[in-house]
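Next come the chains, spelled out residue by residue.
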Amino acid sequence: NMPGTIEAKLPFSSAVQVGSTLYLSGSLGNYPGKPELVAGGIEAETRQTMDNIKATVERFGSSMNHVVKCTVFLADMAEWEAMNKVYRTYFERLPARSAFGANGLALGARVEIDCIAIVQ
């Protein structure tokens, strides 16, 4: 967690590395370091969520090409296709994935995604 950011006040780490495996906490479509979601609905939130994930894996010396597993939580499963349209553009090789409909995501988010990546 980076001092002086919202992450520094949260009761979890954005990611934890164990050996060559990087475990990311759930990411939302919030502006980096702020408890505020981007405007624009599911596609905009998914894009920001994926940008936040990308920034985290890169901060640990990995990349989106080394993400091996994601879990997607959607506030409304009717937004599945719209989320997928954005999500798939972040990967050359799609990672394994699970997805769930979820009630009450933090900040009223439409989507939350957590990932596991390999650090080379």
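Parameters at a glance
- Residues numbered from 1 in each chain as written.
- Predicted model: local features only at pLDDT ≥ 70, side-chain atom pairs only at ≥ 80, totals over all residues.
- Heavy atoms only, no water.
- Buried < 20%, exposed > 50% of the residue type's maximum accessible area, 1.4 Å probe, protein only.
- Helix = DSSP H or I, 4+ residues; strand = E, 2+ residues; numbered from the N terminus.
- Arc of directions from axis to C-beta.
- Contact = heavy atoms within 4.5 Å.
- Core = buried A, V, L, I, M, F, W, Y, C linked by side-chain atoms within 4.5 Å.
- Expected span 1.5 Å × (residues − 1).
- Phe/Tyr/Trp six-rings, centres within 6.5 Å; stacked < 30°, edge-to-face > 60°.

Asker: I'd like to hear about helix α3 (residues 80–87), residue by residue, with values.
Answerer: Three or more residues of α3 are buried, namely Met-83, Asn-84, Val-86 and Tyr-87. Along the long axis of α3, the arc covered by the buried residues comes to 165°, so they all point the same way. Counted as exposed and oriented over 90 degrees from the buried face of α3: Glu-81 and Lys-85. On its buried side, α3 packs onto α2 (41–59), β3 (67–74), β4 (96–101) and β5 (111–118).

Asker: I'd like to hear about the nonpolar core, residue by residue, with values.
Answerer: Core analysis: the biggest nonpolar cluster contains 22 residues, and Met-50, Met-64, Val-67, Tyr-87, Phe-91 and Ile-113 have the highest contact counts within it. For this core, the elements supplying multiple residues, two or more each, are β2 (21–24), α2, β3, α3 and β5. Those residues within four positions of Val-67 in sequence are excluded, and the remaining contacts are Val-57, Phe-91, Arg-93, Pro-95, Cys-115, Ile-116 and Ala-117. By size, the runner-up hydrophobic cluster in this structure holds five residues, among which are Leu-37, Ala-102, Leu-105 and Ala-109.

Asker: Requested: an account of α2, with residues and values cited.
Answerer: Counting along an α-helix, one turn takes 3.6 residues, and residues three or four places apart therefore face a common direction. The end-to-end C-alpha separation of α2 is 27 Å, in line with the 27 Å expected for 19 residues at 1.5 Å each. Of all the residues in α2, the buried ones are Ile-42, Ala-44, Glu-45, Thr-46, Gln-48, Thr-49, Met-50, Asn-52, Ile-53, Thr-56 and Val-57. Looking at the packing, one finds that the buried side of α2 touches β1 (15–18), β2, β3, α3 and β5. Looking at the residues trailing α2, positive phi occurs at Gly-61, about 85°.

Asker: Give a description of the packing of aromatic side chains that names residues and reports values.
Answerer: Overall, the coordinates contain two aromatic pairs when judged by the stated rule. Aromatic pair Phe-73 and Phe-100: ring centres 5.9 Å apart, planes at 20°, arrangement stacked. With Phe-73 in strand β3 and Phe-100 in strand β4, the pair connects residues that are 27 residues apart, well separated along the chain. Assessed through its relative accessible area of 22%, Phe-73 is described here as partly exposed.

Any functional reading would require information that these geometric values do not contain.
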